[in-house]
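Understanding the architecture of this molecule
Given next are the chains, with one letter for each unit.
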Amino acid sequence: VQTCALPILLDLDREIRQWIIKIKPDVIAVERVFSQLNVKTAMATGQAAGVVLVAAAQSGIPIMLHTPSEVKAAVTGSGRADKKQVANMVVKILGLDKAPSPVDTTDALALAICNHWRGLGNLRYELATKKAMVNQISNKDKNKEKNKEKNTLSNAGSKREFSSNETSLRKKSNRPAKTRRGEIK
């Protein structure tokens, strides 16, 4: 018999939204769902993550996603660390007396540490990249306008030069122009 997860997801949504109003986070980090072993657990976790992502998006809060191996690597230095190694490093990094329980709490703290160390840097990099791209496009547009203006002035100037050269040549020479065969026009 399958039970419907909808009431649980609705409760989660309500709790997350209350938490967002109370805490006013700058960013919400979510661990990407990945499981080769237990599809049922992965699906439930994915549904819960989806609720959090929607609540964050509707609240206008930036979302950062991190893979489990990225979190482990950020906290322990190895993307293959086990839960005990992650818990030990969380205790050391945060200066705790012992690992918090349940284990999910330690995982959440590891995700927060990862996002603090990597996520903000990634977000800043992404924003800087977008800003650079906008500036590059803006500069290209400015350069196109300058080149267009330059070409227009250059073309107008070369026409004037040609006209003035032609006039000055005629003024210097009072002789009639000759054709290639030497005939006088």
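Note: the structure precedes this text.
These remarks concern the structure in this document. (Residues numbered from 1 in each chain as written. Predicted model: local features only at pLDDT ≥ 70, side-chain atom pairs only at ≥ 80, totals over all residues. Heavy atoms only, no water.)

1. Some details on the pairing of strand 1 (residues 28-31)
The side-chain alternation of strand 1 yields one buried face, formed by Ile28 and Val30, and one unburied face, formed by Ala29 and Glu31. Taken together, the 4 bridges between strand 1 and strand 2 (residues 63-66) define a ladder with parallel strand orientation. The residue of strand 2 that forms the bridge with Val30 is Leu65. (Buried < 20%, exposed > 50% of the residue type's maximum accessible area, 1.4 Å probe, protein only. Helix = DSSP H or I, 4+ residues; strand = E, 2+ residues; numbered from the N terminus. Pairing = 2+ DSSP bridges.)

2. Let's talk about the side chain of Glu70
As for its placement among the helices and strands, Glu70 is situated in helix 3 (residues 68-76). Arg118 provides the closest opposite charge to the buried, salt-bridge-free Glu70, at an N-O distance of 4.4 Å. Within the structure, Glu70 has its side chain in polar contact with the side chain of His66 (distance 3.1 Å). Residue contacts for Glu70: discarding those within four places in its chain leaves Leu65, Cys114, Arg118 and Asn122. (Lys, Arg positive; Asp, Glu negative; His and termini not counted. Salt bridge = Lys/Arg side-chain N within 4 Å of Asp/Glu carboxyl O. Polar contact = N/O pair within 3.5 Å; in protein donor to acceptor, adjacent residues only side chain to side chain. Contact = heavy atoms within 4.5 Å.)

3. Details of the packing of helix 3 against helix 4 (residues 83-94)
Where helix 3 meets helix 4, the axes come as close as 9 Å, and the angle between the chain directions of the two elements is 50 degrees. Comparing their axes, helix 4 and helix 3 come out oblique. Once helix 3 is placed against helix 4, the crossing between them reads as left-handed. Mapping the contact onto sequence places Lys72, Val75 and Thr76 in helix 3 and Gln85, Val86, Met89, Val90 and Ile93 in helix 4. Considered class by class, the residues forming the contact of helix 3 with helix 4 number 5 nonpolar, 2 polar and 1 charged. (Axes fitted to C-alpha atoms, helices over the stretch in contact; angles between N-to-C directions. Parallel < 35°, antiparallel > 145°, perpendicular 65-115°, else oblique. Left-handed = near helix turned anticlockwise from the far one by under 90°. Nonpolar A, V, L, I, M, F, W, Y, C, P; charged D, E, K, R; others polar.)

4. Details of the pattern of salt bridges
Counted by the stated rule, this structure contains 4 salt bridges. Between Lys83 and Asp107 there is a salt bridge, with the nearest N and O atoms lying 2.7 Å from each other. Here Asp107 lies in helix 5 (residues 103-172) and Lys83 lies in helix 4, a separation of 24 residues in the sequence.

5. Quick notes on the layout of surface pockets
One number sums up the size of the largest pocket: a volume of about 1100 Å³. Around the largest pocket sit 31 residues that line it, and Glu31, Thr45, Asp104, Asp107 and Leu111 are the ones nearest its centre. When contributions to the lining of the largest pocket are tallied by element, the ones reaching two or more residues are strand 1, helix 2 (39-58), helix 3, helix 4 and helix 5. Residue composition of the lining of the largest pocket, grouped by class: 18 nonpolar, 6 polar and 7 charged. (1 Å grid on protein atoms, 1.4 Å probe; cavity = no way out; pocket = protein on both sides within 12 Å on 5 of 7 lines; lining within 4 Å. Points joined across faces, edges and corners; volume = space filled by probe spheres on them.)

6. Considering helix 1 (residues 6-23)
Taking 1.5 Å of rise per residue, the 18 residues of helix 1 would be expected to cover 26 Å, and the 25 Å separating its terminal C-alpha atoms lies within 8% of that figure. Turning to helix 1, its buried residues are Leu9, Ile16 and Ile20. Down the axis of helix 1, the buried set is contained in an arc of 35 degrees. They therefore lie on one face. Seen from the open side of helix 1, the exposed residues pointing more than 90 degrees away from its buried face are Leu10, Ile21 and Lys22. Along its buried surface, helix 1 packs onto strand 1 and helix 2. Directly after helix 1, the chain includes Lys24, whose backbone phi takes a positive value near 55 degrees. (Expected span 1.5 Å × (residues − 1). Arc of directions from axis to C-beta.)

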